Amino acid sequence: MPKWGARRRPGLLLGALLLIVCLPVLRRLNWSGLGASLLWRRHLGLRADGQNFKLENSAFWIFGGSIHYFRVPRAYWRDRLLKLRACGLNTLTTYVPWNLHEPQRGTFDFSGNLDLEAFILLAAEVGLWVILRPGPYICSEMDLGGLPSWLLRDPDMRLRTTYKGFTEAVDLYFDHLMLRVVPLQYKHGGPIIAVQVENEYGSYNKDPAYMPYIKKALQDRGIVELLLTSDNQDGLKNGIVDGVLATINLQSQSELRQLTAILLGAQGIRPKMVMEYWTGWFDSWGGPHYILDSSEVLNTVSAIVEAGSSINLYMFHGGTNFGFIGGAMHFQDYKPDVTSYDYDAVLTEAGDYTAKYTRLREFFGSMSGAPLPVPPALLPKTAYDPVTPAFYVSLWDALNLLELPVTSEHPVNMENLPINGGSGQSFGYTLYETTITSSGVLSAVVRDRGQVFLNTFFLGILDYKTSTIIIPMVQGAPCCPQGFTTLRILVENCGRVNYGDSIDQQRKGIIGNVYLNDSPLKKFKIYNLEMDRSFLQRFTGDMWKPVTEQPLFPAFFLGALYVSDPPYDTFMKLEGWEKGVVFINGQNLGRYWNIGPQETLYLPGAWLDTGLNKIMVFEEKKAQQIIQFVDMPSLGQHEYLH
C-alpha cells in the first residue's frame, strides 16, 4: 500500500495532534494546546527532557493501550481504536510478530489481517500516536515469542544472541519490515513516536552484545525516533542499554516503588514510564481463570500517574489467539495458552466495555481538559440456532488429501521436515507411521502431545509426563483385529514456549528415536497436518460420510450455520466434545479443550456470511454431535457493561 508520505495531506493528523498532552502541572492535562501548525515543524520528536517527556517543545504524557492487530479481525480495527481513544488514551502500542510476517524463510506477508501499515495509518486517522514494538522477539504469549520456528532447523541455533545464524535472519527480516515502518515515523509525518528495542531482554541476558546489535540494526535502517527498552522485575537491572530509555513492566503498587528506585539508580533523572501495566493475565489450558478487580486496576493506574509516570495498559484489548499462534509456559510443568487472549483486559475479547473501561475513562477524562469522544456503540451479539454436523471424514481417510508423506529412516521433528520451501512445519499436527511386528514397551520423547494408535485403534497418549506406553500383541490381540501392525503417533504442537531460558529447545513432533523394547524403530512415513486453508479446500463432497453413532476418530465433522442478514458476533460452545480445532468458512478459530478454563470460542460476525456458513470441526476423540452458539462467553470473565 502507499507509504505515509504518499497519502499525507494537511489536516490528516489534526485529531492526533489534539491528543497531545500539555502539562503545566500534573493535576490538569490540556490536550488542546497544540494545533495543526505542528504538522510542518516536526524536528525534535518525542524526547527525554529531565524527568519529563517532550514532543517538540511541549510537555507530553504517554497514556497508552495495547491492541495487537494480528489478534483482532481487520474489520474491527477501527472499532477497537476508537474505543481506546474514547477511554482518554492518546497512544497505541502494538507488537509485530515475525513468525506471522515471515512464515517461510524469505517469504513475507503483510496482507489482510497482517497489514501493519494500514493498522498504523488507521491509528493516526482516529487520533492516536503509536509506539511500535518490533522485536524481533516479542513474547506476547505467542508461539516461540513471535520468532519463526524455521530458525530451529539449525541444530546449533542460539536465539536472541549474536549467533550468526540468528542475526543473518534478523537482518533480512528488518530489511523488509523497516522499509514499511520508517516512513510512518513522526519525523517523516507519521504517528510513530517511539520504537522499542527487543523485549524484556534483561530476563534472558545471554549475550551482552545482543541488545547493542538490535539497537544498531534499527538505527542503521532509518529508525530515528526515541528508543525504549521494557523489562519486568526480574530483568530490569540487566536490561538497560546505553542511549535507550528504560521502562518497566508490572502489576502492583509495591512493584512500582521497587522498580522506580532501580530505574533512578540506573539511569538517573529521566522520564518514567510503565510500558506494561498488566490489566489482567492470560490463562493456560487446565489452569484457573485469572481476573483482576477493576477497583485494584484503578488504584494502581492512579498511583502510577500520581508518581509522575507515563503508562501503557497491557492489554487494553487482548483479542484472540486465532489458529495455532498461542504460546506456552514451561517452568515446572508445561502449560499451553488457551485460544482466548481476553486477558481480563479493559475491553473484552469481543470488544465489549467493562467496569475497568468505565472507571479508567472517568479517571483519564478528569485530567483531559476537554470532553472525551463519545464511546462507539457496542457491536451486537446473538445466539444462533444450534448446529448438528451431518457428515464426517475420518482422519485416516483424509490422509489421501495430503501431499505425499516424507519418508525417513528415523523420525524427523516438525521444524526439520523437508517441506514448505525448506522451512519445515510451524504449527498444527504431524502424523508418524511405521510398521511393527511385536508387542512390548513403546517409548519416545513427544512434544507436545502424541496420540498412539495401532492402525486405527487408540492406545493412549505420550506427553511430558508419559514417555512410555504398552503395545499389546499385534497378532490376534483381544483389543485389535488380527494383523494390526501399523503404528501411528499423531503429535500436536500445543504451543512453543514464549518466555524463559528454554526457547532454544522448542522443537516439536517426535524428538529423537522411537523405541520398542529399547530397539529403535525405522522406516517412517511422516504426514504434515498444518490444516491450512489449502488443505481444507481439498475436502470434496463425495468424501463426506453421514455421521453414524460411532464415527472413527480422530475425524473432521461438517455442519452448516444459517445466518440472516446481517451477521453478528457469537460464541461457539462445544459442550460434550473433547479436544480439537474449529474452522469457519476456512478461518481457523483456534483450539477447544474440555479441561478448561475456556469454554467458548469467539466467532466474529465479520467472518460470517449472510446465508449458509461452513463449519468444520477436527475432533480428536469424542463428539457430542451438536454445536451451540451463545451471545456471551460461558465464563464470567468481566464485569460486563451493556
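Residues numbered from 1 in each chain as written. Predicted model: local features only at pLDDT ≥ 70, side-chain atom pairs only at ≥ 80, totals over all residues. Heavy atoms only, no water.

- If you look the chain up in an unreviewed UniProt entry, it shows as Beta-galactosidase from Odocoileus virginianus.
- Within the UniProt record for the chain, the comment given under Sequence similarities (unreviewed entry) is "Belongs to the glycosyl hydrolase 35 family."
- Per its UniProt entry, the chain bears the Catalytic activity (unreviewed entry) comment "Hydrolysis of terminal non-reducing beta-D-galactose residues in beta-D-galactosides." (UniProt positions renumbered as here; feature names shortened; annotations may be inferred.)

## Some points on the side chain of E117
Next, step 1: Along the polypeptide, E117 turns up in helix α5 (residues 116–125).
Next, step 2: By relative accessible area, E117 is classed as buried at 4%.
Next, step 3: A polar contact is formed between the side chain of E117 and the side chain of R180, at a distance of 2.9 Å. (Helix = DSSP H or I, 4+ residues; strand = E, 2+ residues; numbered from the N terminus. Buried < 20%, exposed > 50% of the residue type's maximum accessible area, 1.4 Å probe, protein only. Polar contact = N/O pair within 3.5 Å; in protein donor to acceptor, adjacent residues only side chain to side chain.)

## Considerations on the packing of aromatic side chains
Next, step 1: For the structure on display, the rule yields 40 aromatic pairs.
Next, step 2: Ring geometry for F63 and F364: centres 5.0 Å apart, planes at 50°, overall tilted. Of this pair, F63 sits in strand β6 (residues 63–67) while F364 is found in helix α11 (residues 355–365), placing the two residues 301 residues apart along the sequence.
Next, step 3: A residue is classified by how much of its surface remains accessible, and F63, at 0% relative accessible area, is buried.
Next, step 4: You can call F364 buried: its relative accessible area is 1%.
Next, step 5: With a centroid separation of 6.1 Å and 55° between ring planes, the pair formed by F316 and Y357 is classed as tilted. Of this pair, F316 sits in strand β13 (residues 309–317) while Y357 sits in helix α11, placing them 41 residues apart in sequence. Here F316 and Y357 have matching classes, each one buried.
Next, step 6: Through a chain of ring-to-ring contacts, three or more aromatic side chains come together here, namely W98, W150, F166, Y173, F174, Y201, Y204, Y210 and Y213.
Next, step 7: It is K579 that lies over the ring of W593; its NZ or CZ is 4.6 Å from the centre. (Phe/Tyr/Trp six-rings, centres within 6.5 Å; stacked < 30°, edge-to-face > 60°. Lys NZ or Arg CZ within 6 Å of the ring centre and 35° of its normal.)

## Focus: the environment of D337
Next, step 1: Note that D337 resides in the loop between β15 (334–336) and α11.
Next, step 2: A sequence separation of 247 residues divides D337 from N90, and the C-alpha atoms of the two residues are 30 Å apart.
Next, step 3: For D337, the residues in contact, after removing those within four places along its chain, are E141, F282, D283, S284, W285, G327, A328 and N498. (Contact = heavy atoms within 4.5 Å.)

## Observations concerning empty space enclosed by the protein
Next, step 1: Within this structure, the stated rule accounts for seven cavities of 30 Å³ or more.
Next, step 2: Looking at the largest cavity, its volume works out to about 70 Å³.
Next, step 3: Looking at the largest cavity, the residues that line it are Q51, N52, F53, A59, F60, W61, P271, K272, G308 and S310.
Next, step 4: For the lining of the largest cavity, the secondary structure elements donating two or more residues are β4 (52–55) and β5 (58–60).
Next, step 5: Among the residues forming the lining of the largest cavity, the class breakdown is five nonpolar, four polar and one charged. (1 Å grid on protein atoms, 1.4 Å probe; cavity = no way out; pocket = protein on both sides within 12 Å on 5 of 7 lines; lining within 4 Å. Points joined across faces, edges and corners; volume = space filled by probe spheres on them. Nonpolar A, V, L, I, M, F, W, Y, C, P; charged D, E, K, R; others polar.)

## So, the UniProt feature "domain: Beta-galactosidase galactose-binding" (unreviewed entry) in the chain
Next, step 1: Under the feature "domain: Beta-galactosidase galactose-binding" (unreviewed entry), the UniProt entry names residues 554–613.
Next, step 2: In residues 554–613, helix accounts for 0% and strand for 53%; the two terminal C-alpha atoms are 23 Å from one another.

## Focus on the nonpolar core
Next, step 1: Among the nonpolar cores identified, the biggest contains 134 residues, and F166, Y277, I311, F316 and M572 are the most heavily contacted of them.
Next, step 2: Looking at which element gives the most residues to this core, the answer is helix α6 (residues 164–181), with eight residues.
Next, step 3: If we skip the residues at most four places from it in the chain, F166 touches W98, P136, L147, L151, M157, R158, L159, R160, T161 and Y210.
Next, step 4: Counting residues in hydrophobic clusters, the runner-up holds 27 residues, among them L401, L529, F539 and L558. (Core = buried A, V, L, I, M, F, W, Y, C linked by side-chain atoms within 4.5 Å.)

## Looking at the sheet that holds strand β31 (residues 587–593)
Next, step 1: Pairing is antiparallel in the open sheet, where six strands are placed in the order β27-β16-β28-β33-β30-β31. Since the sheet does not close on itself, it has two edges, and those belong to β27 (545–546) and β31, each with one partner.
Next, step 2: As paired elements, strand β16 (residues 391–394) and β27 share two bridges and run antiparallel to each other. Across the sheet, F391 pairs through a bridge with P546, a residue of β27. (Pairing = 2+ DSSP bridges.)

## Some remarks on α6
Next, step 1: Compared with the 26 Å implied by 1.5 Å per residue over 18 residues, the 25 Å span of α6 between its first and last C-alpha is a close match.
Next, step 2: The sharpest bend along α6 comes to roughly 25°, located at D175.
Next, step 3: Close packing links the buried residues of α6 with α4 (98–101), α5, β8 (129–133), β9 (192–196) and α7 (210–220). (Expected span 1.5 Å × (residues − 1). Bend = angle between axes of the 7 residues up to and from the residue.)

## Remarks on unusual backbone geometry
Negative phi is the rule for most residues except glycine; trans is the rule for most peptide bonds.
Next, step 1: Omega for the bond connecting F553 with P554 falls within 30 degrees of zero, at -10°, which places this linkage in the cis form.
Next, step 2: By secondary structure assignment, the location of P554 is in the loop between β27 and β28 (555–563).
Next, step 3: In this model, G596 is joined to P597 through a cis peptide bond whose omega is 5°.
Next, step 4: On the secondary structure map, P597 appears in the loop between β31 and β32 (601–603).
Next, step 5: Unlike most non-glycine residues, R160 shows phi in positive territory, near 60°.
Next, step 6: Structurally, R160 can be placed in the loop between β8 and α6.
Next, step 7: With a phi close to 70°, D518 is a non-glycine residue in the positive phi region.
Next, step 8: Of note, D518 is situated in the loop between β24 (509–516) and β25 (519–520).

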